[in-house]
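# Observations on chain architecture
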Amino acid sequence: MFDGFRLIFLGLFFATFHINIGTLQILPAFVGWIIVLNGISKIRAEFEHKSFHKASLYASGLIIHSIISFAIGFIYGKSLDNSIPIIMWNVIFGLLELLLDFKILEGAISYFKSTARLELAEEFIHHLKIYICIFITNTIIIGVGATLYNNLLIGISVFLALILRIVFMVMVNRLKKESDTISTSIDVSI
């Protein structure tokens, strides 16, 4: 599972931090989401769980969303950024991302329970609850800011979204390390 979580981490990194030359994106966000999907597939090969299956579906949705967003941005540029349909389009993205994050963590928690790492499972359940509450609050802030055309609220929500993505990347990095520890202890016991 180590390699799967490593790929998810890298994919999240590339989906978050874009490489641009001028206005041209060298590494668009959908490439990162493709890497995330590959990571989930690697995990599913080792530990099949319905949560990881659903995470694959949400990652596929994010790939499609990101490709369409990339095409819209390439064709129209920044001229549509403040339109209500684009704002709602971005809220859909946020919801897909929340569902993906939830399913990855839910699957990891099930994995920890199956390997008798109950204290670790409980710790991640706690982290997941806090993460979901902050994510939903941020989605509400985005909706209110967009409805009121309040740039301050939108700016706060963008900053909070970046912080949430980094926090999730830290959690995935921890999952990577813990899964490596578990597989090493299983190898030693055999």
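The structure this text deals with has already been given above.
The notes below deal with the structure included here.

Procedures and definitions
- Residues numbered from 1 in each chain as written.
- Predicted model: local features only at pLDDT ≥ 70, side-chain atom pairs only at ≥ 80, totals over all residues.
- Heavy atoms only, no water.
- Helix = DSSP H or I, 4+ residues; strand = E, 2+ residues; numbered from the N terminus.
- Rg over C-alpha atoms; globule rule 2.2 N^0.38 Å.
- Buried < 20%, exposed > 50% of the residue type's maximum accessible area, 1.4 Å probe, protein only.
- Contact = heavy atoms within 4.5 Å.
- Areas by Shrake-Rupley, 256 points an atom, 1.4 Å probe, with all protein chains shown as cover.
- Phe/Tyr/Trp six-rings, centres within 6.5 Å; stacked < 30°, edge-to-face > 60°.
- Lys NZ or Arg CZ within 6 Å of the ring centre and 35° of its normal.
- Polar contact = N/O pair within 3.5 Å; in protein donor to acceptor, adjacent residues only side chain to side chain.
- Salt bridge = Lys/Arg side-chain N within 4 Å of Asp/Glu carboxyl O.

We now examine the overall build of the protein chain. Along the protein chain, the regular secondary structure elements total 6 helices and 2 strands. Along its sequence from the N terminus, the protein chain presents helices and strands in the succession α-β-β-α-α-α-α-α. Taken over the C-alpha trace, the protein chain has a radius of gyration of 18 Å; the compact-globule value for 190 residues is 16 Å, and the two agree within 12%. Principal axes of the C-alpha set define a box for the protein chain whose edges measure 60 × 30 × 25 Å. Split into buried and exposed, the 190 residues of the protein chain put 38% on the buried side. A fraction of 73% describes how many contacts in the protein chain between residues 6 or more apart in sequence connect residues 24 or more apart. Per element, the accessible surface of the protein chain, about 10,300 Å² overall, is 70% carbon and sulfur.

Applying the stated rule across the entire model yields 10 aromatic pairs. On the basis of an interplanar angle of 75° and a centroid distance of 5.8 Å, the ring pair of Phe 30 and Phe 70 is categorised as edge-to-face. Of this pair, Phe 30 sits in helix α2 (residues 29-46) while Phe 70 is found in helix α3 (residues 50-76), placing the two residues 40 residues apart along the sequence. Residues Phe 47 and Tyr 111 carry aromatic rings whose centres are separated by 5.2 Å and whose planes lie at 70° to one another, so their mutual orientation is edge-to-face. Placement of Phe 47 in the loop between α2 and α3 and of Tyr 111 in helix α4 (residues 84-114) is noted, with a sequence separation of 64 residues between them. Overall, Phe 47 belongs to the buried group, its relative accessible area being 16%. Here Tyr 111 falls in the buried class, since its relative accessible area comes to 10%. Taken together, the ring pairs connect Phe 47, Phe 52, Tyr 111, Phe 112 and Phe 124 into an aromatic cluster. Cation over ring: Lys 176 sits above Phe 9, and NZ or CZ is 5.8 Å from the ring centre.

This next bit is on the side chain of Glu 97. Positionally, Glu 97 belongs in helix α4. The buried category is assigned to Glu 97, whose relative accessible area is 8%. Among the polar contacts listed, one links the side chain of Glu 97 to the side chain of Arg 165, at a separation of 2.5 Å. Here Glu 97 is in contact with Trp 33, Leu 62, Phe 135 and Arg 165, once residues within four sequence places are set aside.

With that settled, consider the environment of Val 158. With respect to the helices and strands, the residue Val 158 is situated in helix α6 (residues 151-189). Distance from Val 158 to Ile 142, taken between C-alpha atoms, is 8.1 Å for residues 16 residues apart in sequence.

Quick look at unusual backbone geometry now. The phi torsion at Ala 116 lies on the positive side, around 60°, for a residue other than glycine. Take Ala 116: it is sitting in the loop between α4 and α5 (118-147). Under the relative-accessibility criterion, Ala 116 is labelled exposed at 60%.

Applying the stated rule across the entire model yields 8 salt bridges. Taking the shortest distance from any N to any O, the salt bridge between Arg 174 and Glu 178 comes out at 3.3 Å. With Arg 174 and Glu 178 both in helix α6, this residue pair falls 4 residues apart, about one helical turn. Overall, the relative accessible area of 28% leaves Arg 174 in the partly exposed class. Residue classification places Glu 178 among the buried residues on the basis of a relative accessible area of 14%. Bridged by salt links that share partners, the residues Arg 117, Glu 119, Glu 123, Arg 174 and Glu 178 form one connected network.

Limitation: the analysis is restricted to geometry and does not speak to function.
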